[in-house]
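Next come the chains, spelled out residue by residue.
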Amino acid sequence: MYLLLLGVISCQNNRNAKPSGKGAKKPNIQAVETSHHGPEDDPNSRPAGAAELGKDTNAGGRGNTQQSASTSKPSDEMKLYFLKNTLVTCNDGTAAGFYIKEFKGSRRWLIFLEGEYLNLCTKTCDSRYKTVPRLMSSTDWPQTRKGSGILSAQIDENPHWYNANIVFIPYCSSDVWSGNKAASKPKQGKETEYTFMGSVIIREVIKDLATKGLKQAKVVMLAGTSAGGTGVLLNIDKVSGLLEQLGVDAQVRGLVDSGWFLESKQQKSPDCPDSASCTPVDAIKKGLRLWNGVVPDKCKQQYKRGEEWQCFFGHKLYSHITAPLFVVQWLFDEEQLRLENIYMGGQSLSEQQWTYMQNLGKELKNSLKDVTAMFAPSCLSHTLITKSTWMEFQIKGTSVSRALQCWDRSLQEANKNSKSALKSCPFHLIDNCQWPQCNPTCPALIDQVTQQEMTLLQVLASMGLDLHMLGLDAGEDISAGMISSGG
């Protein structure tokens with residue numbers, strides 16, 4: 001009996017003992033930025049190996065085999081699903097759909113609207129269909145696609161949103177996500193009558209996601225770049241209302257990247273045949289009729305019939321939006337410049353165009369004066385949040401990823417009716433310096449022929465601007481004296 005009892009005790013001790021080197025470890029997540037998770041952030045939902053990031057894997061030359069297995073990165077691949085409602089389609093009548101990367105256990109959802117600059121398909125749809133068919137048809141969409149920047153599942157690239165359910169909605173409606181028009185007749189031969197159902201596609205995606213766990217969401221962020229960013233402005237409150245109808249008790253917010261445009265100062269013919277020769281206002285006026293475009297009711301009520309186009313511009317629409325918004329906007333947006341026929345590194349540049357460029361930053365700053373949460377660097381570029389290098393760009397030492405994290409925390413505190421202020425956690429960031437590229441973290445300007453980096457003055461000189469007449473020296477860096485003023 002004594003020997004039997006010793007055997008039972010020995011077996012029990014062996015069962016409870018932890019294998020050497022495989023004990024439970026506390027998370028030690030050391031990315032470029034530290035992520036502080038709130039109650040709805042699912043702190044326990046981490047990809048395999050997340051707890052190991054930041055540890056010295058080669059210390060003493062031990063544990064390399066175990067470490068490499070534990071740090072396997074989660075897949076960035078999003079899978080394609082077509083809408084259940086087959087009547088809601090892309091321009092050419094093919095099925096609309098979405099891509100999704102689910103994160104098991106997460107109650108955070110990031111729903112992203114694709115953009116493709118501010119392409120307005122009015123009378124030029126046939127040409128657009130031939131040159132970029134994926135923007136009008138789902139025929140050649142791949143079964144999976146990868147995300148980068150804020151769409152990445154890698155914690156070092158996306159430290160605050162890597163553990164969200166990420167949804168990517170391809171842009172195939174050519175209507176700045178505002179259309180509500182089905183084709184009135186079926187396709188006949190080579191003739192195609194296009195549909196414009198951008199706003200309806202968003203609605204149907206939300207309804208389909210309800211069966212994939214969206215009903216349990218605590219945070220839903222509708223994000224988009226370029227035309228997709230404008231789509232967020234136009235649809236965020238409708239998405240919030242639809243989620244409420246579906247019984248989703250979630251904080252709904254919007255993230256607008258490079259979709260905050262200004263009306264063009266170019267004088268062009270209102271009878272312009274295509275969007276490239278139209279001002280944005282004239283193109284949108286034409287588009288609204290073609291698309292049967294839908295704008296937010298609160299904004300629409302402020303303008304008389306025929307003036308609904310004004311609701312496409314953020315500085316006129318912002319005050320009518322109820323959901324919290326974060327605006328990301330380069331102060332010298334390349335697409336805004338294109339609307340003024342200014343192509344950096346391309347055709348010649350006149351003194352008048354250079355003057356417009358200088359003033360653009362001031363005008364964009366003024367248009368953003370009432371925005372509560374923003375990240376606005378003084379750089380020449382277009383779109384930011386989906387770049388794999390998105391955390392490299394900073395204002396006063398803070399990246400857009402960190403600013404979004406601070407904004408998240410502020411919304412959580414507001415939801416708790418907390419009066420405690422967030423210290424050293426800014427989410428209203430705009431450059432003080434005035435010149436293009438005066439922020440030292442701006443994306444590099446690249447010579448399209450040699451693929452070499454160029455300074456702003458080298459680009460201007462290559463575009464034929466007389467720098468000497470303007471009192472500029474091509475050999476100096478005009479940004480150097482501006483950095484101390486806030487860049």
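Not measured: the values here are computed from a predicted model.

1. Details of the packing of helix α4 (residues 198–209) against helix α5 (residues 227–245)
Each pair of packed helices gets described by two things: the angle between the helix axes and the distance between those axes.
Inference 1: The contact between α4 and α5 brings their axes to 11 Å, and the two run at 30 degrees. It follows that α4 is roughly parallel to α5 by the angle criterion. Seen along the crossing, α4 lies across α5 with a hand that is right-handed. Contacts between α4 and α5 involve S199, I202, R203, I206 and K207 on the former and, on the latter, N235, K238, V239, L242 and L243.

2. Thoughts on the state of the cysteines
Inference 1: A full pass over the atoms with the stated rule returns 5 disulfides.
Inference 2: Bridging C379 to C442, the disulfide has an S-S length of 2.0 Å. Measuring the twist about the S-S bond at about -80 degrees, one finds the C379-C442 disulfide to be left-handed. Here C379 is found in the loop between β10 (373–376) and β11 (380–381), whereas its partner C442 is found in the loop between β14 (428–430) and β15 (445–446), with 63 residues between them in sequence.
Inference 3: A relative accessible area of 1% means that C379 is categorised as buried.
Inference 4: Through a disulfide, C433 is tied to C438; the S-S separation comes to 2.1 Å. With the S-S bond torsion at 80 degrees, the cross-link from C433 to C438 turns out right-handed. In terms of burial, C433 and C438 fall into one category: buried.

3. With respect to the pairing of strand β8 (residues 325–328)
Inference 1: Where burial is concerned, the two faces of β8 agree: the one with L325 and V327 and the one with F326 and V328 are both buried.
Inference 2: Bridge analysis of strand β7 (residues 251–257) against β8 gives 4 bridges, and the strand direction is parallel. When the sheet's bridge partners are listed, V256 is paired in β8 with V327.

4. Regarding the packing of aromatic side chains
Inference 1: Counting across every chain of the model gives 13 aromatic pairs.
Inference 2: Here W330 and F393 contribute two aromatic rings whose centre-to-centre distance is 5.5 Å and whose plane-to-plane angle is 75 degrees, an arrangement assigned as edge-to-face. Of this pair, W330 sits in the loop between β8 and β9 (332–333) while F393 is found in the loop between β11 and β12 (394–395), placing the two residues 63 residues apart along the sequence. Just as W330 is buried, F393 falls in that class too.

5. Here we look at the nonpolar core
Inference 1: Membership of the largest hydrophobic core comes to 125 residues, with the highest contact counts inside it found for I150 and F326.
Inference 2: For this core, the element with the most residues is α5, which contributes 8 residues.
Inference 3: In contact with I150, not counting residues within four places along its chain, are L110, N158, W161, I166, M221, L255, I385, W390 and L404.

6. Considerations on the pairing of strand β2 (residues 97–101)
Inference 1: For β2, the buried fraction is high: 5 of the 5 residues fall into the buried class.
Inference 2: Neither face of β2 is open: one carries G97, Y99 and K101, the other F98 and I100, and all of them are buried.
Inference 3: In terms of strand pairing, strand β1 (residues 77–82) meets β2 through 4 bridges, oriented antiparallel. The residue of β2 that forms the bridge with K79 is I100.
Inference 4: Examined bridge by bridge, β2 and strand β5 (residues 165–169) share 3 bridges and lie antiparallel to one another. What sits directly across from Y99, in β5, is F168.

7. Some points on the pattern of salt bridges
Inference 1: Under the defined criterion, the tally for this structure stands at 7 salt bridges.
Inference 2: Across the pair E204 and R203 runs a salt bridge, and its minimum N-O distance is 3.1 Å.
Inference 3: For E204, a relative accessible area of 4% translates into the label buried.
Inference 4: A salt bridge links E335 to R338, with the nearest nitrogen and oxygen atoms 2.7 Å apart. Of this pair, E335 and R338 both sit in helix α9 (residues 334–338), 3 residues apart, which is roughly one turn of the helix.
Inference 5: One continuous salt-bridge network, built from bridges that share partners, spans E114, E116 and R134.

8. As for α4
Since there are 3.6 residues in each turn of an α-helix, residues three or four apart along the chain are aligned in direction.
Inference 1: The terminal C-alpha atoms of α4, which comprises 12 residues, lie 17 Å apart, in line with the 16 Å expected from a rise of 1.5 Å per residue.
Inference 2: Summarising burial for α4: 10 of the 12 residues are buried, a large majority.
Inference 3: Those residues of α4 not exposed but buried are G198, S199, V200, I201, I202, E204, V205, I206, D208 and L209.
Inference 4: As for α4, its buried residues are in contact with β1, β2, β3 (108–113), β5 and α5.

Procedures and definitions
Residues numbered from 1 in each chain as written. Predicted model: local features only at pLDDT ≥ 70, side-chain atom pairs only at ≥ 80, totals over all residues. Heavy atoms only, no water. Axes fitted to C-alpha atoms, helices over the stretch in contact; angles between N-to-C directions. Helix = DSSP H or I, 4+ residues; strand = E, 2+ residues; numbered from the N terminus. Parallel < 35°, antiparallel > 145°, perpendicular 65-115°, else oblique. Left-handed = near helix turned anticlockwise from the far one by under 90°. Contact = heavy atoms within 4.5 Å. Disulfide = S-S within 2.5 Å. Buried < 20%, exposed > 50% of the residue type's maximum accessible area, 1.4 Å probe, protein only. Pairing = 2+ DSSP bridges. Phe/Tyr/Trp six-rings, centres within 6.5 Å; stacked < 30°, edge-to-face > 60°. Core = buried A, V, L, I, M, F, W, Y, C linked by side-chain atoms within 4.5 Å. Salt bridge = Lys/Arg side-chain N within 4 Å of Asp/Glu carboxyl O. Expected span 1.5 Å × (residues − 1).

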